[in-house]
Amino acid sequence: MKRVAIVGVGYTSFRTTSQDVSYREMIFEAAQKCYEDAGGIHPQDIDAFVASSEDFMEGVSIADEYVPDQLGAVLKPVQSIAGDSMQGIASAMMHIQTGEMDVVAASAFSKASNVSNKNNMVSYACDPIFIRPFNENPYMIAGMEMNRYLYETGATREQCAKVVVKNKYNALHNPVAAYGAKIEFEDVLNSPPMCLPLSYLDTSGDVDGAIVLLLASEEKARQMSKKPVWIKGMGWATDTPNLDTREEGWGDAIYASLAGEKAYRMAGIKAPRKEIDFAEIDDTFSYKELQHLEALKICTRGEAGNLLEQGFFSNQGDFPVNVSGGNLGVGYLHEGNGLHKFMEVVLQLRGEAGKKQLDKARTGLAFSWRGIPTATGVAAVLGIED
Amino acid sequence: MRKVGVVGAGMTNFIRRAQETPKELSYQATRAALDSCDLNLEDIESVAHGSAPDAFDGIHQKGEYLADGCGGWNKPTMRVFVGGATGVHALAHGWYHIASGMFDTCLVVCEEKMSSAMPHAQAFFLTIFDNITERPLQPTLLWIFAMEMNRYMNTYGYTKEDMAKVAVKNKNQGIKHPSSQFNEEVTLEDVLNSEVMAYPVNRLDVSPVSDGAVAVVLAAEHVARRVTDKPVWVEGVGWNLDTAYWATRDLYYPRYLEKASKMAYDMAGITEPAKQIDIAEPYDPFDYKALHHMEGLQLSPPGKTVELLNDGHFDQDGNLPMCPSGGLLGVGNPIAAAGTMKVAELFWQLRGEAGERQVPGKPKYGVCQAWGDLMQVSSVAVLGI
C-alpha cells in the first residue's frame, strides 16, 4: 500500500465565540497557513479536497456548496464527508493510495457559537421513532453511559474528575486552547450535575475554529517537506446507532476497539503501550478518556483510572495523553475534533508543539469519537520514522 | 492501480410516501444487492454510504442513523455528501475504499426519504442558499433552475417543446422499470399543459419527489472474479465542484461537469467519448438537464443536442441510448438513491440483464452522472465490461 504523509498544517485559534469572522474567513486563514506551511503550495497544485461537516451544525441544508471558495478549490475535485474530520483524513489518504492523486487537502471547522439550540439538535440525531419521543436531554445518554462504565470497570467518580484536572491544566500551555484552568478535582465534583454522575465540568465546552491539513504521496512529501509525518495506520468503525439495542457498547467503547485494531494492524503495532509514545484521545466527557484508553489497548480494562492517579498519563508520565488539553481543555470542535487531535500529534512529532512539546515523540496515536448519541470512532497512528 | 468491479446491485421501489423508515429502506436495498451476488454481510469489509440533506429525513447525523440499515454495524462505515451528486459520487467513494488497497469489498448504499418533510421537501431547499446574500430573497430551487433552463434554451435557440420531448421520452421509458413510481404514459401536450412552477419550468418538466434506496456491491479484482463471471468494472470516476457564488457564472454550460468527465475519461482511457460510450445515464431531475449534461459529458456537441434527440439518436435503440432506465423523470428521484440507480442501471445494461429496457447490441462502456448543490457539482463514473 502506498505511504501517505502530512506535509502541511494550518489552524486558527480556538475561541468560544468569533463574532469578528465568518466561518469562511476562519477556513481561509487556516488554509492560507497550511499552504504556507507546505512550502507555499498554490491551491491549483492540490489534486483534491475533502471537507467534513454536518448540515444541522452549519445551518445550511447542503453545506458542501460552501466548501470550495475559501480553500481555493473552485473547479477542483471536492467532496464532503458527513462525519468526523478524521474520517475525512482517511478519505483523503485513500484518494492518494489509489495512485490517482498526489496532494490532497482535508479541512474542517466549527462555528458552534452560531448554534443556539445544540441540545435539540443532538436529540435530532436520535432515532425518531424509538428514542426521540422521550424528549430526552442528550446528556442523559452520557450520564447513563458513564454510570455503566464506572459499574463495569470499578473506575471511580474521582478518577474521572482527575482527567478534567489534568487536561485543563495541560491546556494552560497551549496558546490556542479556550478552556485552560488550574482546578482541583473537588471543583469538578461540586460543579452542577448534568445527569448524574456526570457534572458540568466533566463535559467539554464548544469552541469555534478551523483546521486545514495537507496530505501527500511519499514522492511528493519528500519534495515538499523536510519533516513529513507518516500515516502508519488508520482505522474507523461504527457500532449500532440504536441506543436501545446497543448491548455491550454502553460500558465498553467497541467502536474504539475495532478502529484501534485496524489502525494497529496496518501500522504493524503489536504492543501499543510500548510502541506508541503519546496520544491525543477523545475526552468529550471525562470518563471517555479512560474508556477510550482501555478500548485502544493502551492499558487493560479497569486500569486506566489507577494509572491516571499514578501520573502515568500526565506530561511527564510514561504515556502522555492529551498534552494539548484535549476537548476538555481546548474545546469541542464538533466535526473538527478529529482534525484537531490529528494535528496535535503531527505538531508533536515535528517538534513544533512549543511549550507543550514532549521529549520523546516518535510515534503518536490520535483517536476521535463522534459524540453522543453516535458510536463511531476513528484511530490513527502517526510516526516520523522511515 | 487496483481494479474495482461491481458484482451486485439492488434497489427498493421508488415511491412517493414509503411506509418504511429510512433505515428499513436502506436495509431492503442492501439485502437485495447482497442477494443478487450471493454474498453475506460477513463478506463485506467496509460500507461507503451516501445520502443528501439531513433535513429530508429530519435526522441530524443521518449517516450514523442509517449505518446499521446499510450493513455498517461494527464495520468501517463512512458517509459521503456532495448534495444531489451524492448518488454517483458514492460509487467513487466506494471505489477508493478498494482501489487504495485498504479493503477488498465495499457496500455502496444511498438512501433518501423525502416524504418525512411535511408538507413538501421543497421547503428544505430554502435553507441551501447563502444566509447573508441570498436567503433574504427567499429563492426556491425551481427559480434558479428556471433561470438556468432559460439561459440554456436562449443560448442555442431550443424551445420548450424540445425540452418537453425529453420528459416524454424518459417518463414513457420509465414505465418499463419495475421499480418506477409511474405507470401512465404522458404526451407532449401533457407536459406543456401542466402547471407552471416557475417559467419556463412546468410541473412535468420536473422529476417527482420520492422515497427509496439503492445499493451496489464493489469488490477488488481477485474477489470480483470469484463472485461472478460477469463483473462490471469501474473504469473511471471523476468529480468536480464549482464556486458557491453561482450568480457569477454563465449557466448555459456546466464547466464543472466537463472537468469531472475529463477526469473519469482519462482514468478510463477514453479519448473520444461520443464514439466510445455506448450508454449514457445523465442526471435528469429536469428535462433540460439531461441535454445540458449530455453536452457537459462531451457526448453531444453544444447546440446540436436537440437535433440528435429528434433524430432518435438517444432512444433505447438509437446510437447512444440516453437514460434507458427512464431516469429520474421516469423512475423517480429520491435524491442520492436516484444517482446510484443510474449506476445499477449500467450494471444491469452492461450485463444484458435490463429486461424490457435492454439496449441492443453488446454495450461495452456506459457513463452515469449526477449533479447537485447550487448548479455547481457533478460526479461521473464510467463502467465497462
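Structure: see above.
Residues numbered from 1 in each chain as written. Chains lettered and ligands numbered in written order. Predicted model: local features only at pLDDT ≥ 70, side-chain atom pairs only at ≥ 80, totals over all residues.

Participant: Mind showing me how you'd approach the overall build of chain B here?
Facilitator: In terms of helices and strands, chain B carries 14 helices and 11 strands. Here the C-alpha radius of gyration of chain B, 19 Å, is about what a compact globule of 385 residues would show, namely 21 Å. Considered along the principal axes of its C-alpha atoms, chain B spans approximately 55 × 45 × 40 Å. The proportion of buried residues among the 385 residues of chain B is 64%. Put simply, of all contacts in chain B between residues at least 6 apart along the chain, 78% involve residues at least 24 apart. (Helix = DSSP H or I, 4+ residues; strand = E, 2+ residues; numbered from the N terminus. Rg over C-alpha atoms; globule rule 2.2 N^0.38 Å. Buried ≥ 20, exposed ≤ 12 C-beta atoms within 10 Å, placed from the backbone. Contact = placed C-beta atoms within 7 Å.)

Participant: When you look at helix 15 (residues 337-350) of chain A in this model, what are you seeing that I'm missing?
Facilitator: For the α-helix, the turn length of 3.6 residues means that residues three or four positions removed from each other point alike. Residues and elements named next belong to chain A. Taking 1.5 Å of rise per residue, the 14 residues of helix 15 would be expected to cover 20 Å, and the 20 Å separating its terminal C-alpha atoms lies within 8% of that figure. By the criterion of burial, helix 15 is predominantly enclosed, with 13 of the 14 residues buried. The first or second residue beyond helix 15 is Gly351, which carries a positive phi of 75°. (Expected span 1.5 Å × (residues − 1).)

Participant: Explain the pairing of strand 1 (residues 4-11) of chain B to me, please; I cannot follow it from the model alone.
Facilitator: Within a regular beta strand, the side chains point alternately toward one face of the sheet and then the other, so they alternate between its two faces. Residue and element names in this part refer to chain B. Strand 1 sits mainly inside the fold: eight of its eight residues count as buried. In terms of strand pairing, strand 1 meets strand 8 (residues 232-241) through two bridges, oriented antiparallel. Paired with Val6 across the two strands is Val232, which belongs to strand 8. (Pairing = 2+ DSSP bridges.)

Participant: I'm lost on the interface of chain A and chain B in this one. Help?
Facilitator: Accessible area lost when the parts come together is the quantity often used to give the size of an interface. Between chain A and chain B, the contact holds 53 residues from the first and 53 residues from the second. Listed by contribution, the elements that provide at least two residues to the side of chain A that touches chain B are helix 2 (55-58), helix 3 (68-71), strand 3 (78-81), helix 4 (85-97), helix 5 (118-124), strand 8 (229-238) and helix 10 (254-267) of chain A. Ranked by residue count, the leading element in the side of chain A that touches chain B is helix 4 of chain A, at five residues. Classifying every residue of the side of chain A that touches chain B by side-chain character gives 25 nonpolar, 17 polar and 11 charged. Bridge count between strand 3 of chain A and strand 3 (residues 77-81) of chain B: two bridges; the pairing is antiparallel. Within strand 3 of chain B, the residue paired with Ile81 of chain A across the bridge is Val80 of chain B. (Nonpolar A, V, L, I, M, F, W, Y, C, P; charged D, E, K, R; others polar.)

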